[in-house]
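Per-entry structural report
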Amino acid sequence: MIFSWLMSPLRGGLLLALLLWLLWRWLPRWLRAIGISGLAIAGVLATPLGANALIAAVESRAPTPADCSGAPPPTIVLLGGGVLVSTDDPLDYRVLSPISIQRVFAAARLARLQPDAKILITGESFRGVPESTLMARLLVELGVSPNRIREEPTARTTWQNARSTAALLPPFDRRIWLVTSALHLPRALYAFEQAGFDTCTWPADSRYAGWIGWGYLLPASSAIVKSEAALHELLGEFAYRHGFLRQADRSPSPDSGEG
């Protein structure tokens, strides 16, 4: 619960404002200054200007496909992005989150550019058909041969995505294409590198949006969602690097339909 508050400039800002209002007369000046600074930061992150600056800071930390050197990796690893609800129908693509669908389309494009590469899809739903199966069936609908696709339907977290992929039998080359959202790439890249993979990245999307007018400076619900997603990734990567949440944290961002 506390992490949810920390990842939201709206909820966190409201909580901080309440604490300052209740405790103001007892707080020393330096704590008042910190509290006011925190409110200012929360306010900025609630605007498109602040949210997109944070998005850009996270997305820019991952290498681009152009940074991939040497021979193209022989395997494409596609990470699940969550489902909105469970289903027992493996062709019910409507339950895939928008993030999952974006990743499938990105993987399909990469599969066309790398016609000899095999494709591994990793991701489990808590109930019903695994998201890896839904994504695999959608890839086939997009023209990818089912003979190229392999599933890993047990991983529920980014950390487990990497570990379960590394443990597959028979094993495959540890040099891979990693397909996931641009915002998720830094955390996913760290997890897969720690599992022994040499990765080239293929971002499925970018959530950054540049200046679109003076409304960029005003608070917006879409900006709050973006800031929450970016903070989710930063906090998740921090936890991974320090040994926390490696089994508990979900790979998608908070707005993907999963916890």
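Here the structure is shown first, and the text comes after it.
Rules used throughout
- Residues numbered from 1 in each chain as written.
- Predicted model: local features only at pLDDT ≥ 70, side-chain atom pairs only at ≥ 80, totals over all residues.
- Heavy atoms only, no water.
- Axes fitted to C-alpha atoms, helices over the stretch in contact; angles between N-to-C directions.
- Helix = DSSP H or I, 4+ residues; strand = E, 2+ residues; numbered from the N terminus.
- Left-handed = near helix turned anticlockwise from the far one by under 90°.
- Contact = heavy atoms within 4.5 Å.
- Nonpolar A, V, L, I, M, F, W, Y, C, P; charged D, E, K, R; others polar.
- Pairing = 2+ DSSP bridges.
- Patch = residues over 30% accessible without salt bridge, like charges linked within 9 Å, V, L, I, M, F, W, Y side chains within 5 Å.
- Areas by Shrake-Rupley, 256 points an atom, 1.4 Å probe, with all protein chains shown as cover.
- Salt bridge = Lys/Arg side-chain N within 4 Å of Asp/Glu carboxyl O.
- Core = buried A, V, L, I, M, F, W, Y, C linked by side-chain atoms within 4.5 Å.
- Buried < 20%, exposed > 50% of the residue type's maximum accessible area, 1.4 Å probe, protein only.
- Expected span 1.5 Å × (residues − 1).
- Arc of directions from axis to C-beta.
- Right-handed = clockwise from strand over helix to strand, strands pointing away.

The next point concerns the packing of helix α7 (residues 158-166) against helix α8 (residues 185-194). Packed helices, taken two at a time, are described by the angle their axes make and the gap between the axes. Direction vectors running N to C along α7 and α8 enclose 35 degrees, while the axes themselves pass 8 Å from each other. Classified by chirality, the crossing of α8 by α7 is right-handed. Residues Thr-158, Trp-159, Asn-161, Ala-162, Arg-163 and Thr-165 of α7 lie in contact with α8, whose contacting residues are Arg-187, Ala-188, Tyr-190, Ala-191, Phe-192 and Gln-194. Taken together, the residues of the contact of α7 with α8 sort by class into six nonpolar, four polar and two charged.

Below, the discussion takes up the sheet that holds strand β2 (residues 118-122). Neighbouring strands of a sheet are bound in pairs by backbone hydrogen bonds; such pairs are parallel or else antiparallel. Spatially, β3-β2-β1-β4-β5 is the arrangement adopted by the five strands of the open sheet, whose pairing is parallel. Looking at which strands have only one partner, the edges of the open sheet turn out to be β3 (149-152) and β5 (198-203). Each neighbouring strand pair of the sheet contributes to a mean axis angle of 25 degrees, computed without reference to strand direction. As judged from the four bridges shared by β2 and β3, these two strands associate in the parallel manner. What sits directly across from Thr-122, in β3, is Glu-152.

Another point: a nonpolar patch on the surface. A surface patch of nonpolar side chains, about 770 Å² in accessible area, is lined by Leu-15, Leu-18, Leu-19, Trp-21, Leu-22, Leu-23 and Trp-26. Following the sequence through the fold, Leu-15 ends up in helix α2 (residues 9-23).

Further remarks concern the nonpolar core. Counting 28 residues, the largest nonpolar core has Ile-76, Leu-78, Ile-119, Ile-121, Leu-139 and Val-179 as the members making the most contacts within it. Residue assignment for this core shows that the elements contributing at least two residues are β1 (75-79), α5 (98-113), β2, α6 (131-141), β4 (175-180) and β5. Element by element, the count of residues in this core is highest for α5, at six residues. Setting aside anything within four residues of it in sequence, one finds Ile-76 in contact with Leu-110, Ala-111, Ala-117, Lys-118, Ile-119, Leu-120, Trp-177 and Val-179. By size, the runner-up hydrophobic cluster in this structure holds 19 residues, among which are Leu-120, Ala-162, Leu-178 and Leu-185.

What follows covers α2. At 3.6 residues per turn, the α-helix brings residues three or four places apart onto the same side. Given a rise of 1.5 Å per residue, 15 residues ought to cover 21 Å, and the 20 Å separating the end C-alpha atoms of α2 matches this to within 8%. Inspection of α2 places Pro-9, Gly-13 and Leu-20 among the buried residues, and these make up the whole buried set. When α2 is viewed along its axis, its buried side chains cluster within an angular range of 30 degrees and face the same direction. Taken together, the buried residues of α2 touch α3 (29-45) and α9 (221-241).

Most of β2 is tucked away, with four of its five residues classed as buried. The sheet contact formed by β1 and β2 spans five bridges and is parallel. Looking at β2, one finds that Leu-78 is bridged to Ile-121. For the segment spanning β1, α5 and β2, crossover handedness is right-handed. Following the chain from β2 across α6 to the adjacent parallel β3, one finds a crossover that is right-handed.

Before going further, it helps to examine helix α4 (residues 48-59). Over its twelve residues, α4 runs 16 Å from end to end, which matches the ideal 16 Å to within 8%, given 1.5 Å per residue. If you check which residues of α4 are buried, you get Pro-48, Gly-50, Ala-51, Asn-52, Leu-54, Ile-55, Val-58 and Glu-59. The inward-facing, buried residues of α4 abut α3, α8 and α9.

Attention shifts here to the side chain of Thr-87. Relative to the elements of secondary structure, Thr-87 occurs in the loop between β1 and α5. Thr-87 has contacts with Asp-92, Val-95, Gly-128, Val-129 and Leu-134, leaving out every residue within four places of it along the chain.

Shape descriptors only; they carry no functional weight alone.
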